[in-house]
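# Notes for the structure review
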Amino acid sequence: MRKTFACGGRVLDLSQPQVMAVLNITEDSFSDGGQWLDPVRALEHALQMAAEGAAIIDIGGESTRPGAIPVSLEEELDRVIPIIEAISSAIDIPISIDTSKAEVMSAAVAAGAGMINDVWALRQPGALKAAAAAKVPVCLMHMQGDPGSMQKNPDYENVVDEINGFFKQRLSAAASAGIEHDRLLLDPGFGFGKTLEHNLQILSHVDAFDHFDLPLLVGLSRKSMLGQITGAGVDGRLPAGIAAATIAAIQGVKIIRTHDVAASVQALKLSYAVMSVDL
Ligand code: 7PM
């Protein structure tokens, strides 16, 4: 597996597990709604997360929360493009664009984004083509169903096998579109069409995925599975999120997408130190 990813002009070092910091530019994201719509505050928050050790900042203008209100193309562009421009000129770590829309992918990369994070794994119209032309790494995430209904009745024969099959199918679609294999990342998509049992099966067997020699990325912070296990509300799930990130990192996951940067960076440093021990 490659140790560094070229993200536009910037380098993402994956020789050890890294944090992808979440910056949601949305009204209704479940844990930080509306806070970063103001570009000045968004930039301050990005600077803070970079200082805390984030390796990449994931900027999203469309909430992918189950049942969230869809955002128009114009609105999404208006939210994310000025912020990508501001952050890429102020900070030298790579920026990822969290979108499923082809037009947003292209505009974001032109504005300075160096990675595409797509919860639809390039299944929306034009996305394969836009990602091929963008020449930046792309994270392909698994989701069963669509954000409006995916949590109604998630159903799998074997969740790990089904996600492996999905990865294979999307890798083949990406290859056919001319996207080089070694600029892809894979994500099992915690909470995206999964029950608590499915999420726990994925977390406990994240080392059992066929990763096709590509890095795995996971997002766990503040998610409802943590609340279901602990009883904690969204703002009280940090300890469980850190435990979950550690469990993932120890099994070889390379990128943890999180709202809680400083704590996660510490957990990943410890995980990596333990994983590097020779006896
Ligand atoms: C419920 C489900 C509430 C998901 C909030 C979310 C991921 C992502 C999101 C992820 C990748 C959140 C989200 N989650 N992209 N975007 N992987 N690649 O926690 O797990 O921000 S949205």
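For the structure itself, consult the block above.
These remarks concern the structure in this document. (Residues numbered from 1 in each chain as written. Predicted model: local features only at pLDDT ≥ 70, side-chain atom pairs only at ≥ 80, totals over all residues. Heavy atoms only, no water.)

Let us look at the overall build of the protein chain. The secondary structure content of the protein chain amounts to nine helices and ten strands. Computed over its C-alpha atoms, the radius of gyration of the protein chain comes to 17 Å, within 12% of the 19 Å expected for a compact globule of 279 residues. Along the first, second and third principal axes, the C-alpha atoms of the protein chain reach 45 × 40 × 40 Å. Counting all 279 residues of the protein chain, 54% fall into the buried class. Put simply, 70% of the contacts in the protein chain that link residues at least 6 apart link residues at least 24 apart. Surface accessibility of the protein chain: about 11,700 Å² in total, with carbon and sulfur atoms responsible for 54%. Mean positive and mean negative side-chain charge positions of the protein chain (21 and 33 charges, respectively) differ by 2 Å. (Helix = DSSP H or I, 4+ residues; strand = E, 2+ residues; numbered from the N terminus. Rg over C-alpha atoms; globule rule 2.2 N^0.38 Å. Buried < 20%, exposed > 50% of the residue type's maximum accessible area, 1.4 Å probe, protein only. Contact = heavy atoms within 4.5 Å. Areas by Shrake-Rupley, 256 points an atom, 1.4 Å probe, with all protein chains shown as cover. Lys, Arg positive; Asp, Glu negative; His and termini not counted. Charge placed at Lys NZ, Arg CZ, Asp CG, Glu CD.)

Note on strand geometry: in a regular strand, side chains alternate between the two faces of the sheet. Side-chain alternation along strand E7 (residues 138–141) places Val138 and Leu140 on one buried face and Cys139 and Met141 on a second face that is also buried. Looking at chain direction, strand E6 (residues 115–118) and E7 are connected through three bridges and run parallel. Counted as the bridge partner of isoleucine 116 is valine 138 from E7. Bridging between E7 and strand E8 (residues 184–187) involves four bridges; their strand directions are parallel. Paired with valine 138 across the two strands is leucine 184, which belongs to E8. Traced from E7 through helix H5 (residues 159–176) to E8, the parallel crossover comes out right-handed. (Pairing = 2+ DSSP bridges. Right-handed = clockwise from strand over helix to strand, strands pointing away.)

Now for the pattern of salt bridges. Once the charged atoms of two side chains with opposite charge are near each other, the side chains can pair. Applying the stated criterion across every chain, the model contains nine salt bridges. With a shortest N-O distance of 2.5 Å, glutamate 76 and lysine 101 are connected by a salt bridge. One end of the pair, glutamate 76, is in helix H2 (residues 73–90); the other, lysine 101, is in the loop between strand E5 (95–98) and helix H3 (102–111), and 25 residues separate them in sequence. For the pair formed by glutamate 76 and lysine 101, the shared burial category is buried. (Salt bridge = Lys/Arg side-chain N within 4 Å of Asp/Glu carboxyl O.)

Now for the sheet that holds strand E3 (residues 18–24). Read across the sheet, eight strands follow the order E8-E7-E6-E5-E4-E3-E10-E9 without closing on themselves; strand pairing throughout is parallel. The open sheet has two edge strands with one neighbour each: E8 and strand E9 (217–219). Taken pair by pair, the neighbouring strands of this sheet meet at an average axis angle of 25°, ignoring direction. Sheet topology note: the E9/strand E10 (residues 255–258) ladder contains three bridges and is parallel. In the sheet register, glycine 219 faces E10, and the bridge partner there is arginine 257. Each of E3 and strand E4 (56–60) is contacted by helix H1 (residues 39–51), which is oriented at about 170° to E3, the strand it contacts most. (Axes fitted to C-alpha atoms, helices over the stretch in contact; angles between N-to-C directions.)

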